[in-house]
Amino acid sequence: MSKVDKLAINTIRVLSAEAIQKANSGHPGLPIGSAPMAYTLWSKYLKHNPKNPKWDNRDRFILSAGHASMLEYSLLHMFGYKVSMEDIKNFRQWDSITPGHPEHGLTEGVEATSGPLGQGIAMSVGFAMAEAHLAAQFNKPGYNVVDHYTYALTGDGCLQEGVSGEASSLAGTLKLGKLIVLYDKNDITIEGSIDTAFDEDVKKRYKAYGWQVLEVEDGNEDIKSIEQAIEEAKAEKEKPSLIIVKTQIAYGCPAKQGSASSHGSPLGQENIDAMKKCLGWDHAEPFFVPEEVKKHIAELQEVYSAEEAQWNELFSKYSKEYPELAKQYKEYMEPVPASVFDDDFYQFEDKPMATRDTSNMIINRLAAKLPNLMGGSADLGPANKSQMKDREFFSPENRKGTNVHFGIREFAMAAICNGMALHGGIVPYCATFLVFSDYMKGAIRMSALMKLPVTYVLSHDSIGVGEDGATHEPIEHLAALRATPGVYTWRPADGHETAAAYQSAMSVNAPSAIALSRQNLPLFKETGKGALKGGYILKDGGANPDVILIATGSEVELAMNAAEELGKENISARVVSMPCVELFEEQDAAYRESVLPRSIRARVAVEAATSFGWAKFVGLDGGYVTIDHFGASAPAGVLFEKFGFTTKAVVDKAKEVLGK
């Protein structure tokens, strides 16, 4: 190890420890222990340009072990990203850009929000899939305009989480040779040694997944072996690589080295002083980067800038030789154009159809105009109708494919789509049954945190699932999705509203969850682009109706039928379709008042799901035709009748709230 390399590594260790000590909060052990591998990667192998963090052809680095955030912040500061020493000093403080776990969009150079363990590995699979597909689509002999690696750094904790196993299994199957995971194996988690909970042979497991597995026996000092492992990983083109780097947590801190107490608590100033002495750090000033390190990294910056300049020159020549491909490449990197959503996008045959079927029509209309639409299902494609016709499947033999067999891996599927969205150039979607959104919730939450336009296609949206029974009939799931900040949850009533759901999903910087019926629903002539406001008047009972019926999805038909029956008894009823609560709440007060006047307190919410969340719309005087218990196994029609989802039930509830 050269003198400057050792000095740079110790700079990372000391900076990380000092920032955590100043905050009196954080995880010093892993940043200190993994500093050699991270520095080696960043200084010698990572293709990046701090002067242009969004350069298309940069390598991606994902810190899956997000609790080691000070490792990444130290690297970002030292390598010239917009993370100042003041930002380092404000670690974990109010309004800082150095929060407790890395956040994409907040801190320059952070590729993915991480922290919930295992998701970083799964997202890295999505990055690698996006790179492989775009390379196949655009590269030509002599013009590798898409040619970069995805690196993830993980610890013992990530590899215990099931989502990392799901994603790693798929990565091996897909032979994603440009995915490299560095595993900081320090054998310590917050509760102590991993012996009692995680004594498996990770090497054998990952070999069984189809990965190349490499080992570095001394990750504390031997950066030559780390270099050799990374070079071997890059040389393997047919398999993703796991580099197991054996380290000691909090290496160099005599009282804390190898101890669980260094995992999630500051070291203490006395221990930091002892660590400095042990490491040979002779700089008394805190938060200090030696001049030798600054000079060394400044020299590296010239290399980074030159790499991007070479790519820019390559792309310029590529644009002249392949102008149509270059134009398409640039289009891939832009948001979905509004021209996609023309009048034909909203056209459907006037006959009853399940919204999973209208969804399939819309997906294929999008596919005809968006070549970078990419997605699939967790082995439920035939049931949730999520496959693009006339498109091939992504595979080791066919990287141009855009349909994806995710396998029965809901959580990993969602996290992988997050990675695709973060990479850029891909419009991702994924599909399963609504009831299985529980399995995906952690990744959906991350979509929302990162404001990623991932579309979640969630069919079999109610007790209409029927014979499959209570295990497959979602009850609380719409409420759970609506309770998640930043998620647009849709439950369309017909084809028109399904089209609106997809137009919205493709137009917002946020995830959208689209809940779709298994059973056929009528097409209403009154539905359409009005649904883009989230809630709107479908049937008006006059300027001052007696009662307002608020419904979603399959229950809109019930509300419309009930309004007609009430009219026969001289009770005027307004029907409000509310396919997306979040969008409705974003409308201005005047619009919301025009749809749901405060003066009309007689209101009924109609939805084949839990009543939870509807109180804010129906108020203290309102009523519910909902279901607050689990379902059962029987034909759908029987269940709707037995559980009270009938026209008569809605009519009776409306009369009840009116006191009639």
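Labelled according to an unreviewed UniProt entry, the protein chain appears under the name Transketolase, originating from Christensenella hongkongensis. Of the protein chain, the UniProt comment under Subunit (unreviewed entry) reads exactly: "Homodimer." Here the protein chain is described in UniProt, under the heading Sequence similarities (unreviewed entry), as follows: "Belongs to the transketolase family."

Q: Would you mind going over the side chain of Thr-402 with me for this structure?
A: With respect to the element layout, Thr-402 can be found in the loop between helix H14 (381–384) and strand E10 (403–405). Looking at Thr-402, its side chain comes within polar contact range of the side chain of Arg-391, at 2.6 Å. Leave out the neighbours within four places in its chain, and Thr-402 touches His-133, Pro-371, Leu-373, Met-374, Gly-375, Met-388, Arg-391, Glu-392 and Phe-394.

Q: Mind showing me how you'd approach the UniProt feature "active site" (unreviewed entry) in the protein chain here?
A: Feature annotation in UniProt places "active site" (unreviewed entry) on Glu-410, given in this structure's numbering. Tracing the backbone through its elements, the reader meets Glu-410 in helix H15 (residues 410–423). Not counting residues up to four positions away in its chain, the partners in contact with Glu-410 are Glu-166, Ala-378, Thr-432, Phe-436, Tyr-439 and Met-440.

Q: What exactly am I supposed to notice about the packing of helix H5 (residues 119–138) against H15 here?
A: One can describe the packing of H5 onto H15 by two numbers: an axis separation of 7 Å at closest approach and a directional angle of 55°. When the axis of H5 is compared with that of H15, the two are oblique. As for the relative orientation of H5 and H15, their crossing is right-handed in sense. Contact residues: Gln-119, Ala-122, Met-123, Val-125, Gly-126, Phe-127, Met-129, Ala-130, Glu-131 and Leu-134 in H5; Phe-411, Ala-415, Ile-416, Asn-418, Gly-419, Met-420, Leu-422 and His-423 in H15.

Q: Teacher, can you tell me more about the pattern of salt bridges here?
A: All chains considered together, the criterion is met by 32 salt bridges. Close ionic contact of Lys-648 with Asp-652 constitutes a salt bridge, the shortest N to O distance being 2.7 Å. With Lys-648 and Asp-652 both in helix H24 (residues 647–658), this residue pair falls four residues apart, about one helical turn. For Lys-648, a relative accessible area of 58% gives the class exposed.

Q: How should the UniProt feature "binding site: substrate" (unreviewed entry) in the protein chain be read in this particular structure?
A: In the numbering used here, UniProt assigns the feature "binding site: substrate" (unreviewed entry) to His-27, His-263, Arg-356, His-460, Asp-468, His-472 and Arg-518. Spanning 492 residues, the named residues do not form one spatial group; their C-alpha atoms are separated by as much as 48.4 Å. Within the secondary structure, Arg-356 sits in helix H13 (residues 355–369). Judged by its relative accessible area of 15%, Arg-356 falls in the buried class. Setting aside residues up to four positions removed in sequence, Arg-356 forms contacts with Ala-383, Asn-384, Lys-385, Ser-459, His-460, Leu-516, Ser-517 and Arg-518. Position of His-460 among the secondary structure elements: in the loop between strand E12 (455–459) and helix H17 (477–482). In this structure His-460 touches Arg-356, Ala-383, Phe-433, Leu-434, Val-465, Pro-474, Leu-516 and Arg-518, once residues within four positions along its chain are discounted.

Q: Got a minute to help me understand the packing of H13 against helix H18 (residues 495–505) in this structure?
A: When two helices pack together, their arrangement is captured by the angle between the axes and the distance separating the axes. Packing of H13 against H18 leaves a shortest axis separation of 9 Å and a crossing angle of 45°. If you check the angle between H13 and H18, you find them oblique. Here H13 and H18 pass one another in a crossing that is right-handed. Counted together, Thr-355, Thr-358, Ser-359, Ile-362, Ile-363 and Leu-366 of H13 and Gly-495, Thr-498, Ala-499 and Tyr-502 of H18 form the full contact between these two elements. Each residue belonging to the contact of H13 with H18 can be placed in one class, and the counts come to five nonpolar, five polar and no charged.

Q: Just checking my understanding: could you explain the packing of aromatic side chains for this structure?
A: The geometry of an aromatic ring pair comes down to the distance between the two centres and the angle between the two planes. Here the structure, examined in full by the defined rule, presents 26 aromatic pairs. Seen in terms of ring centroids, Phe-436 and Tyr-439 are 5.8 Å apart; in terms of plane orientation they differ by 10°. Their pairing is stacked. The class for Phe-436 is buried, based on a relative accessible area of 16%. With a centroid separation of 5.8 Å and an interplanar angle of 55°, the aromatic rings of Trp-614 and Phe-617 are classed as tilted. The rings of Trp-55, Phe-138, Tyr-143, Trp-311, Phe-315, Tyr-318, Tyr-322, Tyr-329 and Tyr-332 are connected pair by pair, giving a single aromatic cluster. Geometry around Tyr-149 places Lys-178 over its ring, the cationic atom sitting 5.4 Å from the centre.

Q: How should the pairing of strand E17 (residues 547–551) be read in this particular structure?
A: The two faces of the sheet receive side chains in turn, since in a regular strand these alternate between them. In terms of burial, E17 is largely enclosed, as five of its five residues are buried. Covered by surrounding structure in E17 are Val-547, Leu-549 and Ala-551 together with Ile-548 and Ile-550, the residues of both alternating faces. Regarding the hand of the β-α-β motif, the stretch spanning E17, helix H19 (residues 555–568) and strand E18 (residues 573–577) is right-handed. Both E17 and strand E19 (residues 603–606) contribute to a ladder of four bridges, which runs parallel. Bridging across to E19, Ile-550 finds its partner in Ala-605.

Q: Just checking my understanding: could you explain the sheet that holds strand E3 (residues 179–185) for this structure?
A: The strands that make up a sheet are held in pairs by hydrogen bonds between backbone atoms, and each pair lies either parallel or antiparallel. Read from one edge of the open sheet, five strands run E1-E2-E3-E7-E6, paired in parallel fashion. In this open sheet, the two strands that pair with only one neighbour each are strand E1 (60–63) and strand E6 (212–216). Neighbour to neighbour, the strand axes of the sheet diverge by 20° on average, direction disregarded. Here five bridges tie E6 to strand E7 (residues 241–246), and the two strands are oriented parallel to one another. Each residue of the ladder has a partner; that of Gln-212, found in E7, is Ser-241.

Q: Whenever I open this one, the domain arrangement of the protein chain confuses me. Can you help?
A: Quoted interface sizes are often the accessible area lost when the parts come together. According to the domain assignment, the protein chain contains domain 1 (3–303), domain 2 (338–515) and domain 3 (531–658). For domain 1 and domain 2, the distance between their C-alpha centres works out to 33 Å. Facing 31 residues of domain 1, the contacting portion of domain 2 comprises 29 residues. Across the domain 1/domain 2 interface, buried area totals approximately 2600 Å², and carbon plus sulfur atoms make up 71% of it. Ranking the residues of domain 1 by area buried against domain 2 places Gln-119, Met-129 and His-133 at the top, with a combined share of 22%. Inspection of the domain 1/domain 2 interface yields zero salt bridges. Along the contact surface separating domain 1 from domain 2 lie nine residue pairs in polar contact (both at pLDDT 80 or more).

Q: Even after reading the chapter, I still don't get the sheet that holds strand E14 (residues 512–515), so can you show me in this structure?
A: With respect to topology, six strands assemble into an open sheet ordered E10-E9-E11-E12-E14-E13, the strand pairing being parallel. Where the open sheet ends on each side, the last strands, each with one partner, are E10 and strand E13 (488–490). If you compare each strand with its neighbour and ignore which way they point, the axes differ by 20° on average. Taken together, the four bridges between E12 and E14 define a ladder with parallel strand orientation. Of the residues in E14, the one forming a bridge with Leu-458 is Ala-515. In the packing of H15 onto the sheet, contacts are made with strand E9 (373–377), strand E11 (427–433) and E12, and the angle to E11 comes to roughly 170°.

Rules used throughout
- Residues numbered from 1 in each chain as written.
- Predicted model: local features only at pLDDT ≥ 70, side-chain atom pairs only at ≥ 80, totals over all residues.
- Heavy atoms only, no water.
- UniProt positions renumbered as here; feature names shortened; annotations may be inferred.
- Helix = DSSP H or I, 4+ residues; strand = E, 2+ residues; numbered from the N terminus.
- Polar contact = N/O pair within 3.5 Å; in protein donor to acceptor, adjacent residues only side chain to side chain.
- Contact = heavy atoms within 4.5 Å.
- Axes fitted to C-alpha atoms, helices over the stretch in contact; angles between N-to-C directions.
- Parallel < 35°, antiparallel > 145°, perpendicular 65-115°, else oblique.
- Left-handed = near helix turned anticlockwise from the far one by under 90°.
- Salt bridge = Lys/Arg side-chain N within 4 Å of Asp/Glu carboxyl O.
- Buried < 20%, exposed > 50% of the residue type's maximum accessible area, 1.4 Å probe, protein only.
- Nonpolar A, V, L, I, M, F, W, Y, C, P; charged D, E, K, R; others polar.
- Phe/Tyr/Trp six-rings, centres within 6.5 Å; stacked < 30°, edge-to-face > 60°.
- Lys NZ or Arg CZ within 6 Å of the ring centre and 35° of its normal.
- Right-handed = clockwise from strand over helix to strand, strands pointing away.
- Pairing = 2+ DSSP bridges.
- Domains from an automatic or database assignment.
- Buried area = accessible area lost by both parts, 1.4 Å probe.

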